[in-house]
Amino acid sequence: MDYKKLDIYEASVFDFTDDPIILRQIVGDMTKVDYFYRCHYINRLQDILKYASIIKDDRLMTLATKAIVKARRECSKMANEAQKKGIIVD
């Protein structure tokens, strides 16, 4: 797969596989629509990382790991800024 054209922040494990065994292992019984509504994008990235480790795709593992680190850093920055303003971020 050409990961250069992939927007990993908008992706989910459903974009990489339709194998019902792998999907059940990662997302359970959720449909793609339910999954997008119920899962935070960091969780989706973590599931992509889990998928990459299952299929042993080093390039995808690296991409997902970098995206997770960046996403966590951005969330932390937003939470810190909100806290300074007295806003609670859950």
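The structure presented is a predicted model; accordingly, all values stated were derived computationally and were not measured.

Enquirer: Could you clarify how one ought to interpret the pattern of salt bridges in this entry?
Expert: Side chains that differ in sign of charge can pair as their charged atoms come close. With the rule as written, the count across this model stands at three salt bridges. A salt bridge links Lys32 to Asp15, with the nearest nitrogen and oxygen atoms 3.1 Å apart. Highlighted residues: Lys32 in helix α2 (residues 32–38) and Asp15 in the segment before α1 (20–27), separated in sequence by 17 residues. Between Arg24 and Asp29 there is a salt bridge, with its nearest N and O atoms 2.4 Å apart.

Enquirer: Explain α1 to me, please; I cannot follow it from the model alone.
Expert: Working note: α-helix, 3.6 residues per turn, so residues spaced by three or four point in the same direction. Here α1 has its buried residues at Ile22, Leu23, Ile26 and Val27. All buried residues of α1 fall inside an arc of 100° around its axis, so they share one side. With respect to the buried face of α1, the exposed residues turned more than 90 degrees away are Pro20, Ile21, Arg24 and Gln25. Its buried side turned inward, α1 meets α2 and α3 (41–55). Where α1 terminates, the next one or two residues include Gly28, which has phi positive at roughly 75°.

Enquirer: Explain the packing of aromatic side chains here, please?
Expert: Note on aromatic pairs: each is described by the distance of the centres and the angle between the planes. Scanning the entire structure with this criterion turns up three aromatic pairs. When the ring of Phe16 is compared with that of Tyr51, the centres are 6.0 Å apart and the planes differ by 35°; the resulting orientation is tilted. Here the residue Phe16 occupies a position in the segment before α1, and Tyr51 occupies one in helix α3, the gap between them amounting to 35 residues. Across the pair, Tyr51 and Phe16 agree in class, each one buried. Arranged with centres 6.5 Å apart and planes meeting at 90°, the rings of Tyr35 and Phe36 form a pair that is edge-to-face. Cluster of aromatic residues (ring-pair linked, three or more members): Phe14, Tyr35 and Phe36.

Enquirer: Is there a simple way to think about the packing of α3 against helix α4 (residues 58–84) in this case?
Expert: Geometry of a packed helix pair, given as the angle between the helix axes and the separation of the axes. Look at α3 against α4: their axes get within 9 Å of each other, and the N-to-C directions meet at 160°. Relative to α4, the element α3 lies roughly antiparallel. The interaxial crossing formed by α3 with α4 has left-handed handedness. Contacts between α3 and α4 involve Tyr41, Ile42, Leu45, Gln46, Ile48, Leu49, Tyr51, Ala52 and Ser53 from the former and Leu60, Met61, Ala64, Thr65, Ala67, Ile68, Ala71, Arg72, Glu74 and Cys75 from the latter. Across the contact of α3 with α4, the residue classes break down as 14 nonpolar, three polar and two charged.

Enquirer: Would you take a moment to explain the nonpolar core for this structure?
Expert: Looking at soluble globular proteins, one finds that nonpolar side chains tend to be buried together. Formed by 22 residues in total, the largest nonpolar core has its most connected members in Val13, Phe16, Val27, Ile48, Tyr51 and Leu60. Residue assignment for this core shows that the elements contributing at least two residues are α1, α3 and α4. Excluding anything up to four places from it in sequence, Tyr51 contacts Val13, Phe16, Thr17, Ile22, Ile26 and Leu60.

Rules and cut-offs
Residues numbered from 1 in each chain as written. Predicted model: local features only at pLDDT ≥ 70, side-chain atom pairs only at ≥ 80, totals over all residues. Heavy atoms only, no water. Salt bridge = Lys/Arg side-chain N within 4 Å of Asp/Glu carboxyl O. Helix = DSSP H or I, 4+ residues; strand = E, 2+ residues; numbered from the N terminus. Buried < 20%, exposed > 50% of the residue type's maximum accessible area, 1.4 Å probe, protein only. Arc of directions from axis to C-beta. Contact = heavy atoms within 4.5 Å. Phe/Tyr/Trp six-rings, centres within 6.5 Å; stacked < 30°, edge-to-face > 60°. Axes fitted to C-alpha atoms, helices over the stretch in contact; angles between N-to-C directions. Parallel < 35°, antiparallel > 145°, perpendicular 65-115°, else oblique. Left-handed = near helix turned anticlockwise from the far one by under 90°. Nonpolar A, V, L, I, M, F, W, Y, C, P; charged D, E, K, R; others polar. Core = buried A, V, L, I, M, F, W, Y, C linked by side-chain atoms within 4.5 Å.

Note that every value here comes from positions in space, so none of it alone points to a role or purpose.
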